[in-house]
Amino acid sequence: MFEYERLKANDKSFFPNEKIGRKVIERLWQYNDANDNIYFEAIRNGVKFKQYVGVIQIGNITIEILPKADREKAHENDRSLWHNILLKMLAKCKRVRVDSVSETSLKKRYHSLLDLYFEIFLKEVNSILENGLIKQYRKKSDNLKALKGRLDFSKNIQQNFIHKERFFTIHQVYDYNNLINQILFRALVILKSFTNNVTLKDGISRTLARFPAIDNIEIKNKHFDQVITNRKTLMYEEALKIAKMIILNYSPDIKGGNENMLALLFDMNKLWEEYVFRVLTKHQDELLNVSFQNSTNFWENKKIKPDIVITKKDEVGVKTNYVIDTKWKIIDPTKPSDDDLKQMYAYNLYWDAPKSMLLYPSSKLQSTSYGTFHRGRQGENRCKLGFVKVTKEGNLNLNLGEEILAMLN
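Below is a summary of the structure that appears in this document.

What follows deals with the environment of glycine 46. Relative to the helices and strands, glycine 46 resides in strand 3 (residues 46-49). Exposure remark for glycine 46: the relative accessible area of 0% places this residue in the buried category. Separated by 37 residues in sequence, glycine 46 and alanine 9 place their C-alpha atoms 5.8 Å apart. Apart from residues no more than four positions distant in its own chain, glycine 46 is found in contact with Leu7, Lys8, Ile25, Trp29 and Glu41.

The next point concerns the pattern of salt bridges. Per the counting criterion, the structure on display carries 11 salt bridges. Note that arginine 278 is salt-bridged to glutamate 274, the shortest N-O span being 3.0 Å. Residue arginine 278 and its partner glutamate 274 are both found in helix 10 (residues 268-281); the two are separated by 4 residues, about one turn of the helix. Looking at glutamate 274, the relative accessible area reads 10%, which means it is buried. In this structure, a network of salt bridges that share partners links the residues Asp325, Lys327, Lys329 and Asp340.

On to the packing of aromatic side chains, then. As enumerated under the stated definition, the model contains 13 aromatic pairs in all. The interplanar angle of 50° and the centroid separation of 6.2 Å between the aromatic rings of tyrosine 39 and phenylalanine 40 together place this pair among those described as tilted. Of the residues examined, tyrosine 39 reaches a relative accessible area of 12% and is grouped as buried. Overall, phenylalanine 40 belongs to the buried group, its relative accessible area being 2%.

Taking 1.5 Å as the rise per residue, helix 6 (residues 179-194) with 16 residues should run 22 Å; its terminal C-alpha atoms sit 22 Å apart, in good agreement. Of all the 16 residues making up helix 6, 13 are buried; the element is thus mostly covered by neighbouring parts of the structure.

Okay, the packing of helix 10 against helix 12 (residues 400-408) next. Two elements in contact, helix 10 and helix 12, have axes separated by 8 Å at closest approach and are oriented at 90°. In this view, helix 10 runs roughly perpendicular relative to helix 12, as classed from their interaxial angle. Contact residues: helix 10 offers Trp272, Tyr275, Val276, Val279 and Leu280, while helix 12 offers Leu400, Gly401, Ile404 and Leu405. Residues belonging to the contact of helix 10 with helix 12 are distributed by class as follows: 8 nonpolar, 1 polar and no charged.

Taken together, the side chains of Phe298, Trp299, Leu349 and Tyr350 make up a nonpolar region of the molecular surface, amounting to roughly 420 Å² of accessible area. Counting only elements with at least two residues in the nonpolar patch, the list comes to strand 12 (296-299) and helix 11 (338-350). Turning to its location among the elements, tryptophan 299 is positioned in strand 12. The class for tryptophan 299 is exposed, based on a relative accessible area of 53%.

Time to look at the sheet that holds strand 9 (residues 250-251). Across the sheet, which stays open at both edges, the 4 strands sit in the order 5-4-10-9 with antiparallel pairing between neighbours. In this open sheet, the two edge strands, each paired with only one partner strand, are strand 5 (61-65) and strand 9. For strand 4 (residues 52-58) and strand 10 (residues 261-267), the ladder comprises 7 bridges, and the chain directions are antiparallel. Residue tyrosine 52 lies in a different strand from strand 10, and its bridge partner there is aspartate 267. The strands touched by helix 4 (residues 113-131) are strand 4, strand 5 and strand 10; relative to strand 10, the strand with the most contacts, the crossing angle is about 100°. Strands in contact with helix 10 are strand 4 and strand 10; relative to strand 10, the strand with the most contacts, it is inclined by about 50°.

The subject of this paragraph is the nonpolar core. Ranked by size, the top nonpolar core spans 83 residues in total, and within it Phe121, Leu184, Trp272 and Ile310 carry the most contacts. In terms of residue count, the dominant contributor to this core is helix 4 (11 residues). Here isoleucine 310 is in contact with Leu280, Leu288, Asn289, Val290, Thr320, Asn321, Tyr322, Ile324, Leu405 and Leu408, once residues within four sequence places are set aside. Phe15, Tyr39, Ile63 and Ala263 belong to the second-largest nonpolar core, a separate cluster that totals 21 residues.

Rules of the game
Residues numbered from 1 in each chain as written. Predicted model: local features only at pLDDT ≥ 70, side-chain atom pairs only at ≥ 80, totals over all residues. Heavy atoms only, no water. Helix = DSSP H or I, 4+ residues; strand = E, 2+ residues; numbered from the N terminus. Buried < 20%, exposed > 50% of the residue type's maximum accessible area, 1.4 Å probe, protein only. Contact = heavy atoms within 4.5 Å. Salt bridge = Lys/Arg side-chain N within 4 Å of Asp/Glu carboxyl O. Phe/Tyr/Trp six-rings, centres within 6.5 Å; stacked < 30°, edge-to-face > 60°. Expected span 1.5 Å × (residues − 1). Axes fitted to C-alpha atoms, helices over the stretch in contact; angles between N-to-C directions. Parallel < 35°, antiparallel > 145°, perpendicular 65-115°, else oblique. Nonpolar A, V, L, I, M, F, W, Y, C, P; charged D, E, K, R; others polar. Patch = residues over 30% accessible without salt bridge, like charges linked within 9 Å, V, L, I, M, F, W, Y side chains within 5 Å. Areas by Shrake-Rupley, 256 points an atom, 1.4 Å probe, with all protein chains shown as cover. Pairing = 2+ DSSP bridges. Core = buried A, V, L, I, M, F, W, Y, C linked by side-chain atoms within 4.5 Å.

Encoded structure:
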């Protein structure tokens, strides 16, 4: 599917039958309700997707939601193109490490982005196992025949009133059964019960067999906050990132049945904003600086935050600011939003910028010129709409940064 498309339970091109379709739509509604209805819009007998892209798996049904930079009717080739575009944007924004997967794997058409994340995760975990899992100290309570560590008096009285030869102690052990390894183990257990990919399932089973005795505990968000990062845990970084996505986005079917769900969804507005920033940073030098997610006080405790501020120095060292606000939406070039223009007006004033630009994705080149705000800062006070082609010759447009800077000038 593409963003803003509708999916209905009776869509015969997608679901084998309407009964399965209704189960899937019901799970999507439940998931959306649990997340403040941010991902979809509930419609009669279905959902309408919003600006969130990525992949959802419910049982053996996989829904991939792709971005699209035009209003034209989608063809099968478009799906393949935008699948690859999304993957490359995620890689550029460091949401997935594509370089850790073989070139052969990348060239084949994945059933979904989930398969790619799972394969990367499996490869990362196997690499950690080859280098050796880390051991850490942890506290352990146990009823022992020898005094070891600190005696737990209350538990000792309860447990050993008759068995005077035993000691209930709290002591330290140094082993593999620590939180960081438990997180990886838990993610693998979820994947094994979830994935429909036979090759991956087999690989997961073999990887789990390589683990020493590790507790399969319930992992929550708070557990990731408790992970202490240091030189020893550096090799865990990528695996933990994907494990967090898997564990926290997994939604088991509490009624039983086969509708377990895993969703990895990305806000296309934020992804586009970060991607534009990253392609612009390639052009930084001693005369050009690009900063991201700036913020300043606006009114009382409210702040304003333009997406990107570019600062240029001339030959004598005089600095000039330019503001870019990215918008992932398709608009009529002659009818910009009043709210967007008012926002840019405020940015020009607060960042003392003579020029600003609202930047939109497009499937074709569109030339626009600056318009002038009639009041405000002294001197130049202008704004324009900029349109950049996200794709070029069937691939991600690698000249995006140059084109944006050229438009700004």
